[in-house]
Number of protein chains: 2
Amino acid sequence: MGEFELIERYFRRPRRAAAPGVALGVGDDCALLAPSPGMQLAVSTDMLVEGRHFLPTVAPERLGHKALAVNLSDLAACGAEPLAFTLALAMPRADEAFLAPFAAGLFALADAHGIELAGGDTTAGPLAICITVLGQVPAGQALLRSGAHVGDDLWVSGTLGDARLALEAFRGRVKLAGGDFEAVRTAMELPQPRVALGRALRGVATSAIDLSDGFVGDLGHVLAASAVGAVVEADALPRSEVMSGQPAAMQRQCTLAGGDDYELLFTAPPMARDAVVAAAARCGLAVSRCGRIEAERGLRVVDAGGRPLQPAWRGFDHFANA
Amino acid sequence: MGEFELIERYFRRPRRAAAPGVALGVGDDCALLAPSPGMQLAVSTDMLVEGRHFLPTVAPERLGHKALAVNLSDLAACGAEPLAFTLALAMPRADEAFLAPFAAGLFALADAHGIELAGGDTTAGPLAICITVLGQVPAGQALLRSGAHVGDDLWVSGTLGDARLALEAFRGRVKLAGGDFEAVRTAMELPQPRVALGRALRGVATSAIDLSDGFVGDLGHVLAASAVGAVVEADALPRSEVMSGQPAAMQRQCTLAGGDDYELLFTAPPMARDAVVAAAARCGLAVSRCGRIEAERGLRVVDAGGRPLQPAWRGFDHFANA
């Protein structure tokens, strides 16, 4: 199977009425998009490399899902509405047993968000997946990292740390019962981008970021961009049942510095608490208040009694963390 | 050097007035772009993998140039005006000796086109460069592959085949004098995307494509998309002085099936000949008429006497061509 047959077979789909922003899709030199008037275009790119972002054991269908999900998560963090995406795929050979389920997982998530593949590139090479997502947001309404204010509450959606717990289990450092392992493995392999929540938080949250590198590291980006500090109550970070059954040190490691969560971390003034909870409820999601923004720079992590914890946690860094 | 320091040091630049389409650049979850009213957004993605798209011997500065150039070439083929680009970069380690010149070559070309890096991703992994370019074109005016009409002239910009000749020299199949080798090597490593020509051809050309996989293969995409055929005069394909000094068989191989040319192949009605030449002259480029579009499907390659050549040429296919 050649490159063009591969594109034709797995990545070209009939035009759908559900992708109104795409004027011209796969098959020309460029795709053409038509954002709605008054909208800014939101763009984000993520590359996934085998062994760094996913394990060789991941099912191709889940990999297709995850490659798009981590990009949609960036749109979610900006409060943007997804429009379309491009895919560049390097793989050792054109392997139908990989491509068919990969495309199925990719398009299932694309369909769930009403967006279309707008173009891309396939090439031979070590397995790498590069997706660029395009979304739109009313001009001036994007949620940014730089908007956190002193006195704001810190919020996080869903639960944290399960993806990291799954990685620890894959590495043999944690032993989990079969059902528990499947639950956290699903969290790692099938993250759900919080696109609806991001949109619902426009005009409510003051800042937002998606949790990809770990809570402490990602919060650090918000604090730096907003020129503020924060106090976080470690025991207030939301955990799944499986996580709650782990030793306390493992819970803190996974929730504070786990990575691969793809939940939203955001700030909002205390007077917006009801609005935050209502926005999350409309999206069928739980949100947890886990700290507050302070004028004093830096991040202070405390336990339930307010006692400071000495964190050695940091965000995942692709060159520092081997 | 960690991932975030790397981004800060090499890829974050002060906001410039010259990038008016970028409302928010590197440093948040998404970049925000503001296309002009009435414009469609043109998007294209290309991934470059070591050993497939470039040789390990290429200077990092030239690689930075080429990675962006091949993407801008797709915008050129649509007649779009570049707005911004994203970069996802996988590399074995954060190597300053690579990154500094890579970024210099990348940004020199970006500056030449007045565009800015709007976001991206860096990760550890086998060297791979994935760029997505974003441009804008007045709604309905994009040059497409599907617009060629029976009776149209076939045109090509610049000269063809030098990049392939350089590859043959690297492979030891051709021996070139030092100056000749440097000339064709420069064509291979520093392609110039024909962005100005693409824009000048809006409303003049009926279809366009950029030559990346080889003349015959890329022309095949135009013929298929336009549901027409063509006759091409092999000896009318424009060649450099170095190319003209090669044996006839090598000339035909390189010009008809070379790849990596990044010139524009386009069609226009005979009554537009003066307009085509004038548009090219405004861009300081030569254009050559090399054939015509016919109703009979398929591609007929003929010599200067009109005698049919039996071509074994085809476009480059990343999975069929090992």
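Think of each chain on its own: its residues are numbered from 1, step by step along the sequence as written. The order in which chains are written sets their letters, starting at A; the order in which ligands are written sets their numbers, starting at 1. Predicted model: local features are reported for residues with pLDDT of at least 70 only, side-chain atom pairs are reported and counted for 80 or more only, and whole-chain, interface and lining totals are derived from all residues. Side-chain calculation: all heavy atoms of the structure are included, whereas hydrogens and water are not.

## So, the packing of helix α4 (residues 162–170) of chain B against helix α5 (residues 178–189) of chain B
Residue and element names in this part refer to chain B. Throughout, an axis means a line fitted to C-alpha atoms (over the contacting stretch in the case of helices), and angles, computed between N-to-C directions, take values from 0 to 180 degrees. In this text, helices come from DSSP runs of H or I with a minimum length of four residues, and strands from runs of E with a minimum of two, each type numbered from the N-terminal end. Orientation of α4 relative to α5, taken along the N-to-C sense of each, is 115°, at an axis distance of 7 Å. By crossing handedness, the relation of α4 to α5 is classed as left-handed. Residues D162, A163, L165, A166, L167, A169 and F170 of α4 touch α5, and the partners they reach there are F181, V184, R185, A187, M188 and E189. Residue polarity is assigned by list, with Asp, Glu, Lys and Arg as charged and Ala, Val, Leu, Ile, Met, Phe, Trp, Tyr, Cys and Pro as nonpolar; anything else, Gly included, falls into the polar class. Of the residues contributing to the contact of α4 with α5, the split by class is 10 nonpolar, no polar and 3 charged. For any pair of crossing helices, the crossing counts as left-handed if the nearer helix is rotated counterclockwise from the farther one by less than a right angle, and right-handed if it is rotated clockwise. Every residue pair with non-hydrogen atoms within 4.5 Å of one another is taken to be in contact.

## Quick notes on the interface of chain B and chain A
Contacts between chain B and chain A engage 63 residues on the former and 63 residues on the latter. Each of two parts loses accessible area, computed with a 1.4 Å probe, when they are put together; buried area is these two losses added. With both sides pooled, the region where chain B packs onto chain A buries about 4,800 Å², and carbon together with sulfur makes up 64% of that total. Take a side-chain nitrogen of Lys or Arg and a carboxyl oxygen of Asp or Glu: if they are within 4 Å of each other, that pair is a salt bridge. Scanning the region where chain B abuts chain A turns up 0 salt bridges. Here a polar contact is recorded for every N or O atom pair within 3.5 Å, except that within protein the pair must consist of a potential hydrogen donor and a potential acceptor, and residues adjacent in sequence are included only if both atoms are side-chain atoms. Across the chain B-chain A interface, the total number found is 7 residue pairs in polar contact (both at pLDDT 80 or more). The residue inventory of the side of chain B that touches chain A, partitioned by class, reads 36 nonpolar, 15 polar and 12 charged. As paired strands, strand β3 (residues 39–49) of chain A and strand β2 (residues 31–33) of chain B are joined by 3 bridges and run antiparallel to one another. Pairing of L41 of chain A across the sheet is with L33 of chain B, part of β2 of chain B. Pairing between strands requires that DSSP locate at least two bridges from one strand to the other.

## Observations regarding the relation of the copies chain B and chain A
For the pair chain B and chain A, the best superposition has an RMSD of 0.0 Å and corresponds to a rotation of 180° with a translation of 0.0 Å parallel to the axis. Taken together, the rotation and translation describe the operation of a two-fold axis. When the interface residues of chain B are mapped onto chain A, 100% of them are again interface residues, pointing to one common binding face. Least squares is used to superpose the copies, and the fit set is the C-alpha atoms of residues whose pLDDT is at least 70 in both copies.

## Examining the sheet that holds strand β9 (residues 229–233) of chain B
All names here are of chain B. The strand order across the open sheet formed by 6 strands is β8-β10-β7-β11-β9-β12, and the pairing between neighbours is mixed. Where the open sheet ends on each side, the last strands, each with one partner, are β8 (207–210) and β12 (298–302). On average, adjacent strands in this sheet sit at an angle of 25° to one another, irrespective of strand direction. Pairing of β9 with strand β11 (residues 287–294), which is carried by 4 bridges, proceeds in the antiparallel orientation. What sits directly across from G229, in β11, is E294.

## Concerning the pattern of salt bridges
Residue and element names in this part refer to chain A. Summed over the entire model, instances satisfying the criterion amount to 28 salt bridges over all chains. R252 is paired through a salt bridge with D235; the nearest N and O atoms lie 3.0 Å apart. Of the two residues, R252 is situated in helix α9 (residues 248–257) and D235 in the loop between β9 (229–233) and α8 (241–244); the sequence distance between them amounts to 17 residues. With relative accessibility at 30%, the residue D235 sits in the partly exposed group. Shared partners join several salt bridges into a network, and the residues in it are R164, E168, R171 and R173. Relative accessible area decides the class of each residue, using a 1.4 Å probe on protein chains only: under 20% of the type maximum gives buried, over 50% gives exposed, and in between gives partly exposed.

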